[in-house]
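Here are the chains, one letter per residue:
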Amino acid sequence: MSDNIKIERDGFVGIITINRPEKLNSMTPEMASALVEAVTGFNTDDAIRCVILTGAGDKAFSAGSDIRVLDDYDTPWNFRNRPDYCDAIRALLKPSIAAVNGYAFGGGLETAMACDIRIAADTASFAAPEIKLGWIGGGGMAVNLAHAVGPSNAALMIMTGDPIDALQAERWGLVSRVVPQSSLLDEARKIALAIAARAPIAAETAKLNLRAAWNKSTADAITYERDLQTICFATDDAREGRAAFKEKRFPTFKRR
C-alpha cells in the first residue's frame with residue numbers, strides 16, 4: 001500500500017484519502033495500484049457498507065495524473081494499458097461518496113464521477129483541462145460528464161478545459177450538495193451512515209441497478225430491475241425489514 005493512499009475504517013464506513021497534498025493529490029501508477037488494493041479490501045470486507053473518497057489538505061481532491069511521470073511510459077500502448085485509478089473506483093461494489101474538497105481536475109474529476117454520490121466543499125472546482133495540454137480525458141470523462149451535466153455543458157467543459165466552481169457544479173447536477181469546507185467530511189459521513197443503516201445487499205444491488213440503467217433500453221432496464229428486486233426480496237434482510245415494519249421497530253440488517 002502506498003503512503004499516498006490512506007485507508008481508514010470507521011464502523012460500517014470505509015474512508016480512502018488521496019494523500020499527496022504537496023502535489024495537489026496528483027496520481028502516480030504506484031497510487032493507482034494502491035487504490036486497486038484498497039478497493040479489493042473493502043469489496044471483501046462485509047463490515048464495510050459505504051466508502052468515502054476524499055483528498056488530503058484543503059486545496060485539491062485530485063488534480064488527476066501527475067503529468068511529470070507520463071513520459072515514463074515507453075510506448076503509447078503501455079500508457080493505454082496502465083493501471084487506471086478511475087477503473088479502480090468503478091470496481092468498488094459498495095456505495096461510494098466523493099467528498100470533493102478542492103480541485104477535481106482531469107482524472108480527479110473522472111475519479112469523483114466514478115463515485116455514486118458527489119458532494120463538494122464551497123471551495124471546490126471542477127475541470128476537464130486535458131485539451132489545454134493536447135489530449136482528452138480517457139477515464140470516462142465524456143460519457144460520465146454528459147450524463148451528469150448534459151451534452152452541451154459537457155462539451156463546454158471538455159472543449160474549453162476551463163473550470164467551473166462548486167455552485168455551478170451543483171446547478172448543473174454534477175454534485176448533489178455544496179457545504180462549507182469545514183463540514184465536508186461530517187456531511188459525507190452523515191450520508192454514509194444513512195446508507196450503512198440500510199440493507200447492505202439492497203444498497204449494493206441499487207448501485208448495480210443504477211449503473212445498468214445507463215446502458216439498457218427502458219424495457220430491458222425495467223426487466224433487470226424487477227429481477228434484482230426479486231433477488232433482494234428473497235434475502236433474510238428483506239424478511240427482517242418486513243418483520244420490523246409489522247412490529248414497529250427499527251430493522252437490524254446482517255447482510256444475509
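Bear in mind that the values here come from a model prediction, so they are computed numbers and not experimental data. (Residues numbered from 1 in each chain as written. Predicted model: local features only at pLDDT ≥ 70, side-chain atom pairs only at ≥ 80, totals over all residues. Heavy atoms only, no water.)

Q: For this particular structure, what's the right way to read a nonpolar patch on the surface?
A: A contiguous nonpolar patch, built from Ile67, Leu133 and Trp135 and spanning about 290 Å² of accessible area, is present on the exposed surface. Here tryptophan 135 shows up in the loop between strand S8 (125-127) and helix H5 (141-149). (Patch = residues over 30% accessible without salt bridge, like charges linked within 9 Å, V, L, I, M, F, W, Y side chains within 5 Å. Areas by Shrake-Rupley, 256 points an atom, 1.4 Å probe, with all protein chains shown as cover. Salt bridge = Lys/Arg side-chain N within 4 Å of Asp/Glu carboxyl O. Helix = DSSP H or I, 4+ residues; strand = E, 2+ residues; numbered from the N terminus.)

Q: Explain the packing of H5 against helix H6 (residues 151-160) to me, please; I cannot follow it from the model alone.
A: When two helices pack together, you describe them by how their axes are tilted relative to each other and by the distance separating the axes. Close contact between H5 and H6 brings their axes to 7 Å; oriented N to C, the two are set at 130°. With respect to H6, the element H5 is oriented oblique. Seen from above, H5 lies across H6 with right-handed handedness. Contact residues: Met141, Ala142, Leu145, Ala146 and Val149 in H5; Pro151, Asn153, Ala154, Met157 and Ile158 in H6. (Axes fitted to C-alpha atoms, helices over the stretch in contact; angles between N-to-C directions. Parallel < 35°, antiparallel > 145°, perpendicular 65-115°, else oblique. Left-handed = near helix turned anticlockwise from the far one by under 90°. Contact = heavy atoms within 4.5 Å.)

Q: What exactly am I supposed to notice about the sheet that holds strand S7 (residues 117-121) here?
A: Neighbouring strands of a sheet are bound in pairs by backbone hydrogen bonds; such pairs are parallel or else antiparallel. Spatially, the six strands line up as an open sheet ordered S1-S2-S3-S5-S7-S10, and their pairing is mixed. For this open sheet the edge positions go to strand S1 (5-10) and strand S10 (177-179), each flanked by a neighbour on one side alone. For this sheet, the mean angle separating the axes of adjacent strands, direction not counted, is 20°. Across four bridges, strand S3 (residues 50-55) lies against strand S5 (residues 96-100) in parallel orientation. (Pairing = 2+ DSSP bridges.)

Q: Could you clarify how one ought to interpret empty space enclosed by the protein in this entry?
A: In this approach the atoms are scanned with a rolling probe the size of a water molecule, which exposes any empty space left behind. Per the stated rule, a full pass over the model turns up one cavity of 30 Å³ or more. If you add up the space inside the largest cavity, you get close to 80 Å³. Surrounding the largest cavity, Met27, Thr28, Pro29, Ala32, Ser65, Asp66, Val69, Leu70, Tyr73, Arg82, Pro83 and Tyr85 form its lining. Class assignment of the residues belonging to the lining of the largest cavity gives a composition of eight nonpolar, two polar and two charged. (1 Å grid on protein atoms, 1.4 Å probe; cavity = no way out; pocket = protein on both sides within 12 Å on 5 of 7 lines; lining within 4 Å. Points joined across faces, edges and corners; volume = space filled by probe spheres on them. Nonpolar A, V, L, I, M, F, W, Y, C, P; charged D, E, K, R; others polar.)

Q: Would you mind going over the packing of aromatic side chains with me for this structure?
A: The description of two aromatic rings rests on the distance between their centres and on the angle between their planes. In this structure the tally under the stated criterion is one aromatic pair. When the ring of tyrosine 103 is compared with that of phenylalanine 105, the centres are 5.1 Å apart and the planes differ by 45°; the resulting orientation is tilted. Geometry around phenylalanine 12 places arginine 49 over its ring, the cationic atom sitting 4.0 Å from the centre. Directly above the ring of tyrosine 224 sits lysine 216, whose terminal nitrogen or CZ lies 5.0 Å from the centroid. (Phe/Tyr/Trp six-rings, centres within 6.5 Å; stacked < 30°, edge-to-face > 60°. Lys NZ or Arg CZ within 6 Å of the ring centre and 35° of its normal.)

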